[in-house]
Amino acid sequence: DIRFEARHGLGYSTFSTTQHEIALEVTQTVDRERPVKLQRLRLRNAGSVSRKLRLYAYVEWILGNNPQKTASFILSKLDEETGALFATNPYSIDYSGRTAFFAASETISSFSASRREFIGRSGRIEAPVAVTTATALSGSVGLDGDPAAILAIDIELGAGEERNFTFFLGDASTEEDARTLLTN
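What you see is a predicted model; the values in this text were computed from it and never measured.

**Q** How do you make sense of helix α4 (residues 175–183) when you look at a structure like this?
**A** Since the α-helix advances by 3.6 residues per turn, residues separated by three or four positions end up pointing in the same direction. Every buried residue of α4 is listed here: A178, R179 and L181. Projected down its long axis, α4 shows its buried positions confined to an angular sector of 160 degrees, all on one face. In this fold, the buried residues of α4 make contact with β4 (36–45), β7 (85–88), β8 (99–104) and β11 (162–172).

**Q** Explanation requested: the packing of aromatic side chains in the structure shown.
**A** Working definition: an aromatic ring pair is given by the centre-to-centre distance plus the angle between the planes. Applying the stated criterion to the full structure yields four aromatic pairs. Between Y58 and F118 the ring centres are 5.1 Å apart and the planes differ by 20 degrees, which places this aromatic pair in the stacked class. In this pair, Y58 sits in strand β5 (residues 51–60) while F118 sits in helix α2 (residues 115–119), placing the two residues 60 residues apart along the sequence. These aromatic residues form a ring-pair network of at least three members: Y56, Y58 and F118.

**Q** Even after reading the chapter, I still don't get the sheet that holds β5, so can you show me in this structure?
**A** Sheet strands line up and pair through hydrogen bonds in the backbone, either parallel or antiparallel. An order of β5-β10-β9 is seen for the three strands of this open sheet, with the pairing classed as antiparallel. Of all strands in the sheet, those with a lone pairing partner are β5 and β9 (110–114), marking the two edges. Going from strand to strand, the sheet's axes swing by 15 degrees on average, the running direction of each strand aside. With ten bridges connecting them, β5 and strand β10 (residues 147–157) associate as antiparallel partners. Residue pairing for β10: K52 is matched across the bridge by E156.

**Q** Explanation requested: the layout of surface pockets in the structure shown.
**A** If a probe the size of a water molecule is rolled over the atoms, the empty space left behind becomes visible. Approximately 580 Å³ is the volume found for the largest pocket. In terms of lining residues, the largest pocket is bounded by 21 residues, among which Y56, A57, Y58, F118 and V131 are the most central. Within the residue set of the lining of the largest pocket, elements represented by two or more residues are β4, β5 and α3 (129–132). The greatest single-element share of the lining of the largest pocket, amounting to eight residues, is contributed by β5.

**Q** Before we go on, may I ask you to explain the pattern of salt bridges in this structure?
**A** If charged atoms from side chains of opposite charge come close, those side chains can pair. Counted by the stated rule, this structure contains 18 salt bridges. Here R54 and D154 are joined by a salt bridge, their closest N and O atoms 2.6 Å apart. Here the residue R54 occupies a position in strand β5, and D154 occupies one in strand β10, the gap between them amounting to 100 residues. Overall, D154 belongs to the partly exposed group, its relative accessible area being 40%.

What counts and what doesn't
Residues numbered from 1 in each chain as written. Predicted model: local features only at pLDDT ≥ 70, side-chain atom pairs only at ≥ 80, totals over all residues. Heavy atoms only, no water. Buried < 20%, exposed > 50% of the residue type's maximum accessible area, 1.4 Å probe, protein only. Helix = DSSP H or I, 4+ residues; strand = E, 2+ residues; numbered from the N terminus. Arc of directions from axis to C-beta. Contact = heavy atoms within 4.5 Å. Phe/Tyr/Trp six-rings, centres within 6.5 Å; stacked < 30°, edge-to-face > 60°. Pairing = 2+ DSSP bridges. Axes fitted to C-alpha atoms, helices over the stretch in contact; angles between N-to-C directions. 1 Å grid on protein atoms, 1.4 Å probe; cavity = no way out; pocket = protein on both sides within 12 Å on 5 of 7 lines; lining within 4 Å. Points joined across faces, edges and corners; volume = space filled by probe spheres on them. Salt bridge = Lys/Arg side-chain N within 4 Å of Asp/Glu carboxyl O.

If you want it as structure tokens, here you go:
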């Protein structure tokens, strides 16, 4: 019997469940002053043995108003200073100088900028191939016409241990502004 709970408050939503002795709680909110969406993931090992897990965080880049028109122009890169994936669309009429970013509070184990790599050629978002096969991501940031940002974090969660992870999704005027948002 798997149960899910959703709670909504002023400016946030929290979703929780417990499956296979892992309690999971996700809280989503938007920073009041900065252009950043925050997603906190709280994991607790309710079991009596240590567990090794790989967490995946995923967003699809649009960077415009129509994904069919923007997908082939989105450029991604890993920012070495922050560990974030940055994305730009230099051909956007309105937003060509802006930088979107996706980052984690923990050091990532692997990453990719390819939705196709994560979901798979014939996969589904409900069961991405990378997740179902527990595959490490390639580190690819090349153009493949299917832009996304995927971060993977390998963790070990001891019996009874609880840990928090935060993911940051945002938009900034420049790469330097994105770094400032991520480091403050």
